[in-house]
Structure formats: C-alpha cells, structure tokens
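Observations on chain architecture
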Amino acid sequence: MNMNLLAVVVAAVAGLAGTSGDYVPGQPGAAWSTEEMLVVRAKLFSLYRRRQAPKALRLAFHDCLKYEDGTGGCDGCLNWKGVDVDHNPTKYSKSKANVEASDNNGLGPIVRELERIYRESDYPTNTPKLGTSLYESKKSRADLWAYAAIVAVEYGMETTNIACQNANDPRVLQRTCVHDPEVEECFIRPQRSLRFDYGRSDCTDHDPVDTYKTTKAESHPNPVANGKATVDFFRSDFNFNGRETAAIFGAHTFGVPHIKVSLFPYTWTSSGIHLFNNDYYKSITGQPRWFFDDAECQPIGDAYGNRPQSRWLAHSRKMTERGGPVFWIHQNLVCPALYNPRPLSKHDQQCVDEAGPDMLCRADPPAGGETSRTPDQPDGDVNRGCERFRLIIGRDEIALNCEMGLYREFEVTDGVI
C-alpha cells in the first residue's frame, strides 16, 4: 500500500518553520536528543492508547493554519474562540449559526494533555521520566505538537499492521474491522521514515496565563465549500497543489467528527477509525467495500456474497439557520444486517430465511423480472427489496463537502448544494 504522498505532506506540515532554562516564546525550540524523543514517544503512546492519536494529528494541522494577516503557522498556539463548546444541536431546529469555517473546538483536551507533557517531566504516570521538562530545557511547544503528530501517524500505521494480522489483538482499540486482512495490500510499508525537525518558534501574541492560546484570528477552511474553493484555500494558505490537498485530507481516515463539536455526525471510516491506511480514499471514490455491522466484523455483501456497490447522497439534519450543514452519507447495496443482534424486520427476516445455498439473502429480481436475478444480473430496484442501499446504523460513513468536492463536481450556494 503506497502511503508515501500522505506521509510527505504530514511531514511537511509538521516541519514548516537547538542550552538550559525555561523556553521563551518567539525563540526557536532547542534541539532534541535521541533519548528525549524516545521518552516522549513512550509518553505519547500512553495517551494514544486512550484514543488520543487522531486528536494529536488534527491539532498539528490546526496549529499550522495561518493567521488572517498571513503570518504564523506551526507556532504552538490556537485561537480559543469556540473551543470547549458543546453545541448540543437539535435536528431540524434551524437554530444554530451557519457553518462558514472550521474552528478549533474539540482540541482543548489534547492541548491540555500535551501541555502537561511539555511542562511536567514525569507525566503521564507509569511512563519514562525526562531528566528535565521540555519547557525547562527550552524546547518549543510547537515542536512537541509537530512531534506528537508524527508519532500519531506512526502509531496508526503500527496499529494497522497489527490489525491486518489480528484485529482482535489487545493492542488494537475496538471496535476495529479490516476489509482485507492478512493480504499484502492491507499492510503499511513506508519507503522511508517520517523525519522530525526541531527549531519552531511559539507565538508571541498569546494569553498571559495559557500561553498556547493566541490572541490573533486564524484563517480556517470552509467545511461546506466545494472542491474548487477547497483547492483555492490550500493553494493560498499552504501553497499545496491539488494532489497534496487530497493527500492531507487522508488524515480523516483516523478518528471521527463529533456532532456536539462541529455539527457533523457519525464517522469517516466505519469500524476503522483507529487505523491509518487508505480506506478513506476507497470510500470516497466508491470502491466496493464490505459492510460491517456487528462486533465480530462479519462482512455483508450482496445476496451472492460479493463486495457490495456503494453510493453517496447529500444529506442535512437542518440544524443551522440555512438548513445545514450539508454533508454526504455513504450507503451500500447489501442484504439485511443479519449478523447484528438487533432484530430484523419481518420483511428482512424473510429475505434471510429464503436465501439459497451459500447465499446471504434472497436475490432481488432484475429490472422487469419476477424471479431472483442471477449473479451476473444487476438488481432491478436498488432502493427496495432484500438487496438495497443501506446505512450502517449508528456508524454511518460521511464525507464533508470540502473533501467530496475533490472527487465530485458540484456547486454550493449559501452553504447548500
């Protein structure tokens, strides 16, 4: 599996930009020794086993956003407007402010965790101890955040390789399902290691107490914009080309959005949120992928057990004033979720009960037919019957306008497609 381009872009974002004594903002961060990197790596792994790795990766990107005046980026500071807010949205209420740009909400917990690692030599407990804290040895916070993102990617790739051999391994956070276990395509084989470069400077326009809070306004992308607007933003603020822009979005293979944080629900990669691989791209581009809807990761396909077709539909819960935010939701053309302990409807149970030998459910008729289709015939009605487009209930896969627009062409007016 070729992850090199995404690795290059992650390293580039982490690498934009080494005495004793406390660190002074505005000065380049001091050099890290190999021993310090290994100790901090162990500390970070302790956090990441508590599901913090995707947040650390998101933090590094948000840290590298520029300010509205064109300065800054990768400076160990975030604008705190909107952080630690629970939107508590209500479907169809049209009560929330329209989504015009992203913000840093949801990053408060990982910032505070990393701040303790930065200032306390013995945090977290039961991890190796530094001789002196990173802050006291003049390391910059920006360097720690960048290093945390690199280690998060490495943690995700290592977890993926473990899951490819055994998704139930205790080192793999659950629930985790793998689409192609034990085959070479499943494994991550980077051609080179990610390189950590130190020397970034922390911001100087900051809160007097919490110095990771900048007082300057940031330039954020618009999650409900189309592909053209997204490419324009990344070209203007990061000097990325289209390929690099698509690559940076691959970080969404890791972690989930939270409706109370961003007004976007569900997940990017159902049952794969702890893995760092290219499953995100396979989903966005509509490649056939298994439908997992039970704790044992038993794959569901069409009536004949083939990988199902998929489609994307624009969707909104109408929580904002204009009826947004609009996002895309993924569906698979599959038999009923027969492995889930959730009871099937009478119709779906009949579909399963009437399945032929070695079939998952009764095959639907082809277009214009009255008897079950053969394996080489398409389903005549993909919205009704035994085989139909279904959601993974509670773990639906979604995509934002800004990322779907890199693959599909559409226009957005006032945040609505």
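Presented here is an overview of the structure given in this document.

The rules behind the values
- Residues numbered from 1 in each chain as written.
- Predicted model: local features only at pLDDT ≥ 70, side-chain atom pairs only at ≥ 80, totals over all residues.
- Heavy atoms only, no water.
- Buried < 20%, exposed > 50% of the residue type's maximum accessible area, 1.4 Å probe, protein only.
- Helix = DSSP H or I, 4+ residues; strand = E, 2+ residues; numbered from the N terminus.
- Pairing = 2+ DSSP bridges.
- Salt bridge = Lys/Arg side-chain N within 4 Å of Asp/Glu carboxyl O.
- Disulfide = S-S within 2.5 Å.
- Phe/Tyr/Trp six-rings, centres within 6.5 Å; stacked < 30°, edge-to-face > 60°.
- Core = buried A, V, L, I, M, F, W, Y, C linked by side-chain atoms within 4.5 Å.
- Contact = heavy atoms within 4.5 Å.
- Polar contact = N/O pair within 3.5 Å; in protein donor to acceptor, adjacent residues only side chain to side chain.
- Expected span 1.5 Å × (residues − 1).
- Axes fitted to C-alpha atoms, helices over the stretch in contact; angles between N-to-C directions.
- Left-handed = near helix turned anticlockwise from the far one by under 90°.
- Nonpolar A, V, L, I, M, F, W, Y, C, P; charged D, E, K, R; others polar.

Here we take up the pairing of strand E6 (residues 327-334). With eight of its eight residues buried, E6 lies for the most part within the structure. On E6, burial covers both faces: Phe327, Ile329, Gln331 and Leu333 on one face and Trp328, His330, Asn332 and Val334 on the other are all buried. Sheet analysis places strand E5 (residues 310-315) next to E6, joined by six bridges and oriented antiparallel. When the bridges of E6 are listed, Ala314 appears paired with Trp328. Bridge count between E6 and strand E7 (residues 388-390): three bridges; the pairing is antiparallel. Each residue of the ladder has a partner; that of Val334, found in E7, is Arg388.

Moving on: the pattern of salt bridges. By the definition in use, this model includes 30 salt bridges. A salt bridge links Arg171 to Asp169, with the shortest nitrogen-to-oxygen separation between them at 3.0 Å. Arg171 sits in the exposed class, given a relative accessible area of 55%. In this structure, Lys213 and Asp210 form a salt bridge, with 3.1 Å as the shortest nitrogen-oxygen distance. What you see here is one network of salt bridges that share partners, running through Glu115, Arg119, Arg141 and Asp202.

The full count for this structure, using the stated rule, is six disulfides. Between the sulfur of Cys351 and that of Cys386 lies a disulfide, 2.0 Å long from S to S. Here the disulfide of Cys351 and Cys386 is left-handed, its torsion about the S-S bond being about -80°. Here Cys351 is found in helix H10 (residues 346-353), whereas its partner Cys386 is found in the loop between H10 and E7, with 35 residues between them in sequence. Cys386 matches Cys351 in its accessibility class, with the two residues each being buried. Listing the disulfide partners of the chain by sequence rank of the bonded cysteines yields 1-2, 3-7, 4-6, 5-8, 9-11, 10-12.

Turning next to the packing of aromatic side chains. Overall, the coordinates contain 19 aromatic pairs when judged by the stated rule. For the ring pair Trp32 and Tyr147, a centre distance of 5.3 Å and an interplane angle of 55° mean the geometry is tilted. Pair noted here: Trp32 is in the loop between helix H1 (4-15) and helix H2 (34-48) and Tyr147 is in helix H5 (residues 141-165), with a separation of 115 residues, a long-range link. Looking at Trp32, the relative accessible area reads 6%, which means it is buried. The interplanar angle of 75° and the centroid separation of 5.1 Å between the aromatic rings of Tyr280 and Tyr281 together place this pair among those described as edge-to-face. The class for Tyr280 is buried, based on a relative accessible area of 4%.

Now for the nonpolar core. With 45 residues, the main nonpolar core has Leu44, Tyr48, Leu114 and Leu144 as its most contacted residues. Of all the elements in the fold, those that place two or more residues in this core are H2, helix H3 (53-63), helix H4 (108-119) and H5. Considering each element in turn, this core owes the most residues, 11 residues, to H5. Residue contacts for Tyr48: discarding those within four places in its chain leaves Ala53, Ala56, Ala148, Val151, Ala152, Tyr155 and Leu173.

This part covers the side chain of Asn98. Looking at where Asn98 falls in the secondary structure, it is placed in the loop between strand E1 (78-79) and H4. Engagement of the side chain of Asn98 in a polar contact is seen with the side chain of Thr320, the distance being 3.5 Å. Among the polar contacts made by the side chain of Asn98, one reaches the main-chain amide nitrogen of Glu321 at a distance of 3.3 Å. Residues contacting Asn98, with those up to four places away along its chain left out, are Thr320, Glu321 and Arg322.

Between its first and last C-alpha, H2 extends 21 Å over 15 residues, near the 21 Å set by a 1.5 Å rise per residue. Where H2 is buried, its residues contact H3, H4 and H5.

Turning next to the packing of H4 against H5. For the pair H4 and H5, interaxial distance at closest approach is 10 Å and the crossing angle is 120°. Relative to H5, the crossing made by H4 is right-handed. For the pair H4 and H5, the contacting residues are Val111, Leu114, Glu115, Ile117, Tyr118 and Arg119 in the first and Arg141, Leu144, Trp145 and Ala148 in the second. Looking at the contact of H4 with H5 residue by residue, the class counts come to seven nonpolar, no polar and three charged.

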